[in-house]
Amino acid sequence: MGNQMQKSTSDIQNYELQTIFTFEINNFSERKKPMASPTFLSCGWEWYVLVDPKENEDDLRLYLCVHNSKSLITGWRTRASYRFLLLNQSGKVLYRAAEISSLFCDKILAWGNRTLPLSKLKEEGHLENNKLIIKVEVKAGEERYVTGKEMFEIEGFEVPSSQVFSVSQLFMKHPDIANDFKLNGKGLKTAYMNIVLSLIETLCRPPLSFSESELSNIDSELSELTEAGFKLDWLKTKLEEVSLERKKSIADDLGVQELEERVKNMELSLSDLRVELESEKAQSAAAASKMLSFSDII
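Model, not experiment: these values are computed from the prediction.

## Regarding the packing of aromatic side chains
The geometry of an aromatic ring pair comes down to the distance between the two centres and the angle between the two planes.
Logical step 1: Following the criterion strictly, the structure yields 9 aromatic pairs and no others.
Logical step 2: A network of ring pairs unites the aromatic residues F157, F171, F181, Y192 and F230 as a single cluster.
Logical step 3: Above the face of the F157 ring, K189 is positioned so that its terminal group lies 4.7 Å from the ring centre.
Logical step 4: The ring centre of F210 lies 4.2 Å from the NZ or CZ of R205, which sits over that ring.

Dropping the structure here:
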C-alpha cells in the first residue's frame, strides 16, 4: 500500500483484474464472536474479510473491509465489485451472493451483506467436518483522491462527503429502504434523501422539544416519502415512540405542578412531600433531556 501514498491528487487508475480469496473456518458451529481473515491484495488495495455470526438475529454476515486505512491519504476512495460464496469442505457451493458494487473511502471502510441463517448452517450434515469455506471475488474499480467537495454515489443516491457515513449506515441497517423508490433524476433523489436524513436527525431531539404541529408535519413528510417508494416503517415507529414519550413527559410535568400546589396547601407532611417532589422532578428532567444519536434512530 505504500506506493499509493506517492500518488498525486490527480492520479486516477482503472483496475480490471479480479482476485479470488478463500478463508477457511474450522469448528464453525463453536464460533460465537466476529472473525477477521488474513489480509490479501487485490488491484493494489489491501483487504480482509470480517465474518460476524449474529446468533440473536440468526444471520451470518460477511463484510469486505479495507485494511490499514490509516496509512492512506485523507480523501482516498475506490469502488469495488465483490461477491461472497459459502462452500463446504468438498467445495460444494452452499450460497452464492449477487455481485455488489460499493464505494469504499476514509469514512466507509467496510461493506457486507447477510447470507444463510446460522441455524441452517449448523444443521447436522450441512457442513462437512464442521468446516465452512468463505470465498470472495473482488475487482476494484476507479481509484482517486478527493477534496471533500465531491458528490459520492451510494446505492444510486448522490450525497456529499459529509453525508457519506450517515447514508452508508442507513443502507447497512435497512438495505431495502429504497428498493421501491419510484422517482428518477439525481437531483431529485438527493433532495429526497436529504429529507430522510433530516427527519432522522430531528427525531434525535428530546420528546418535550416537539410541538403537536411539528409532530404532525413529520408524520405528513413520512407519508410523502412512503408514497415516493421509501420503506420507513421503522421511522414511523420511532415517531410514535417520541409522541408517546412526549405525552408521558407532559403528564409528569403536570404531576410536578400538582405536587407543588399541594405543598402550598399543606396537604402532605413536609418530609414525605419533599421526597416525592424531588423524585417526580428527577424523572421529568431525565425524560425531557433525553437525546438520541443517528444510530439509535435507524
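So much for the structure itself; the text now carries on.
## Here we look at the packing of helix α2 (residues 164-173) against helix α3 (residues 186-202)
Logical step 1: At a minimum axis separation of 11 Å, α2 and α3 run at an interaxial angle of 85°. Judged on the interaxial angle alone, α3 and α2 are roughly perpendicular. Of the residues in α3, those touching α2 at S166, V167, L170 and F171 are M193, V196, L197 and I200.

## Some words on the nonpolar core
Logical step 1: Counting 69 residues, the largest nonpolar core has W47, M193 and F230 as the members making the most contacts within it.
Logical step 2: Apart from the residues within four sequence positions on either side, F230 is in contact with F157, I177, A178, F181, Y192, M193, V196 and L225.

## Some words on unusual backbone geometry
What is expected of a backbone is that most residues other than glycine have negative phi and most peptide bonds are trans.
Logical step 1: One non-glycine residue, N129, lies in positive phi territory at about 55°.
Logical step 2: Mapped onto the fold, N129 is located in the loop between α1 (118-121) and β10 (132-145).
Logical step 3: N129 gets classed as exposed once you look at its relative accessible area, which sits at 65%.
Logical step 4: Positioned with a positive phi, N130 is a non-glycine residue whose angle comes to about 60°.
Logical step 5: Among the structural elements, N130 can be located in the loop between α1 and β10.
Logical step 6: Residue classification places N130 among the partly exposed positions, given a relative accessible area of 22%.

## Remarks on the layout of surface pockets
Logical step 1: Empty space within the largest pocket amounts to approximately 520 Å³.
Logical step 2: Lining the largest pocket are 20 residues, with G112, F171, M172, K173 and P175 sitting closest to its centre.
Logical step 3: Of all the elements, strand β9 (residues 110-114) adds the most residues to the lining of the largest pocket, at 5 residues.
Logical step 4: In this structure, the second largest pocket occupies an estimated 150 Å³ of space.
Logical step 5: Lining the second largest pocket are 12 residues, with F165, S168, Q169, M172 and K173 sitting closest to its centre.
Logical step 6: Of all the secondary-structure elements, those providing two or more residues to the lining of the second largest pocket are β9 and α2.

## Focus on the pairing of strand β7 (residues 93-96)
Logical step 1: With 3 bridges connecting them, strand β6 (residues 76-87) and β7 associate as antiparallel partners. Of the residues in β7, the one forming a bridge with L86 is Y95.

## A word on helix α4 (residues 212-228)
Logical step 1: Taking 1.5 Å per residue as the helical rise, α4 with its 17 residues ought to reach 24 Å, and the 25 Å between its terminal C-alpha atoms agrees with that figure.
Logical step 2: For α4, the full list of buried residues reads L215, I218, L222, L225 and A228. Buried residues of α4, seen end-on, are gathered within an arc of 130° and therefore sit on one face of the element. Summarising the geometry of α4, the exposed residues directed more than 90 degrees from the buried face are E224 and E227.
Logical step 3: Directly beyond the C-terminal end of α4, a positive phi value near 120° is found at G229.

Rules used throughout
- Residues numbered from 1 in each chain as written.
- Predicted model: local features only at pLDDT ≥ 70, side-chain atom pairs only at ≥ 80, totals over all residues.
- Heavy atoms only, no water.
- Phe/Tyr/Trp six-rings, centres within 6.5 Å; stacked < 30°, edge-to-face > 60°.
- Lys NZ or Arg CZ within 6 Å of the ring centre and 35° of its normal.
- Axes fitted to C-alpha atoms, helices over the stretch in contact; angles between N-to-C directions.
- Helix = DSSP H or I, 4+ residues; strand = E, 2+ residues; numbered from the N terminus.
- Parallel < 35°, antiparallel > 145°, perpendicular 65-115°, else oblique.
- Contact = heavy atoms within 4.5 Å.
- Core = buried A, V, L, I, M, F, W, Y, C linked by side-chain atoms within 4.5 Å.
- Buried < 20%, exposed > 50% of the residue type's maximum accessible area, 1.4 Å probe, protein only.
- 1 Å grid on protein atoms, 1.4 Å probe; cavity = no way out; pocket = protein on both sides within 12 Å on 5 of 7 lines; lining within 4 Å.
- Points joined across faces, edges and corners; volume = space filled by probe spheres on them.
- Pairing = 2+ DSSP bridges.
- Expected span 1.5 Å × (residues − 1).
- Arc of directions from axis to C-beta.

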